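Working through the structure, step by step
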Amino acid sequence: AELILKQAREEAEQLLVGARAAAKAEQEEIRMGARDEGYREGYAQGIGKAMAVHAMRALQQEHINKVCLIAFKKNEVGNSFWKSVGWTFREDLNYYDFALNDENITTFQ
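What you are looking at is a predicted structure, and each value in this text was computed from that prediction instead of being measured.

**Re the overall build of the protein**
The number of helices and strands found in the protein is five helices and zero strands. Secondary structure elements of the protein, listed N to C terminal, follow the sequence α-α-α-α-α. Per-residue burial over the protein gives 11% buried out of 109 residues. Taking as baseline every contact in the protein between residues at least 6 positions apart, the subset at least 24 positions apart corresponds to 38%. Surface summary for the protein: the accessible area is close to 10000 Å², and the carbon and sulfur share equals 55%.

Next comes the structure, spelled out in structure tokens:
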């Protein structure tokens, strides 16, 4: 039973790593595009929505059933966009992050 559990964990980790890599590549493409003035103008023509749909389809193919994103409170254009395309604003949670470096991990222990 332990061997089966270990194999299942390894397979799940491989799938997760693949999904993370795909999401990171997509995220970087979107981030780079958002910095370019021409791209920002293109968002008004549907490029942003098309890129988001493409990313969601790729994640769906990896059998990922739910996604979330972070939009800074001051990013009025971005927040307006995500709301307009049907994403749900969550008021029931707080977001935390933790940098995984030796100093932080040592302090945490």
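**Quick look at the packing of aromatic side chains**
The final tally for this structure, using the stated rule, is two aromatic pairs. Measuring from ring centre to ring centre gives 4.8 Å for F81 and W82, while their planes differ by 70°; the resulting arrangement is edge-to-face. The structure contains a cluster of three or more aromatic residues connected by ring pairs, namely F81, W82 and W87. When the ring centre of F89 is taken as origin, the NZ or CZ atom of K83, which lies over that ring, is 5.4 Å away.

**A look at the confidence of the model for the protein**
Taken residue by residue, the protein gives an average pLDDT of 74. The fraction at 70 or more is 64%. In the model of the protein, helix 2 (residues 37-43) stands out as the element of lowest mean pLDDT, 55, in contrast to helix 4 (residues 76-84), which has the highest, 86.

**A word on helix 4**
Among the residues of helix 4, those classed as buried are G78, N79 and F81. Along the axis of helix 4, the buried positions cluster into a sector of 160°, meaning they face one direction only. Counted as exposed and oriented over 90 degrees from the buried face of helix 4: E76, V77, K83 and S84. Considering only its buried residues, helix 4 is in contact with helix 3 (47-61). In the segment just after helix 4, G86 is the residue with positive phi, at about 100°.

**Re the pattern of salt bridges**
In this structure the tally under the stated criterion is one salt bridge. The residue R90 makes a salt bridge to D92 at a minimum N-O spacing of 2.8 Å. Classification of R90 by relative accessible area gives partly exposed; the value is 42%.

**Brief notes about unusual backbone geometry**
The backbone of H63 shows a phi angle near 65°, a positive value even though the residue is not glycine. Position of H63 relative to the elements: it lies in the loop between helix 3 and helix 4.

Conventions adopted
Residues numbered from 1 in each chain as written. Predicted model: local features only at pLDDT ≥ 70, side-chain atom pairs only at ≥ 80, totals over all residues. Heavy atoms only, no water. Helix = DSSP H or I, 4+ residues; strand = E, 2+ residues; numbered from the N terminus. Buried < 20%, exposed > 50% of the residue type's maximum accessible area, 1.4 Å probe, protein only. Contact = heavy atoms within 4.5 Å. Areas by Shrake-Rupley, 256 points an atom, 1.4 Å probe, with all protein chains shown as cover. Phe/Tyr/Trp six-rings, centres within 6.5 Å; stacked < 30°, edge-to-face > 60°. Lys NZ or Arg CZ within 6 Å of the ring centre and 35° of its normal. pLDDT = per-residue confidence, 0-100. Arc of directions from axis to C-beta. Salt bridge = Lys/Arg side-chain N within 4 Å of Asp/Glu carboxyl O.

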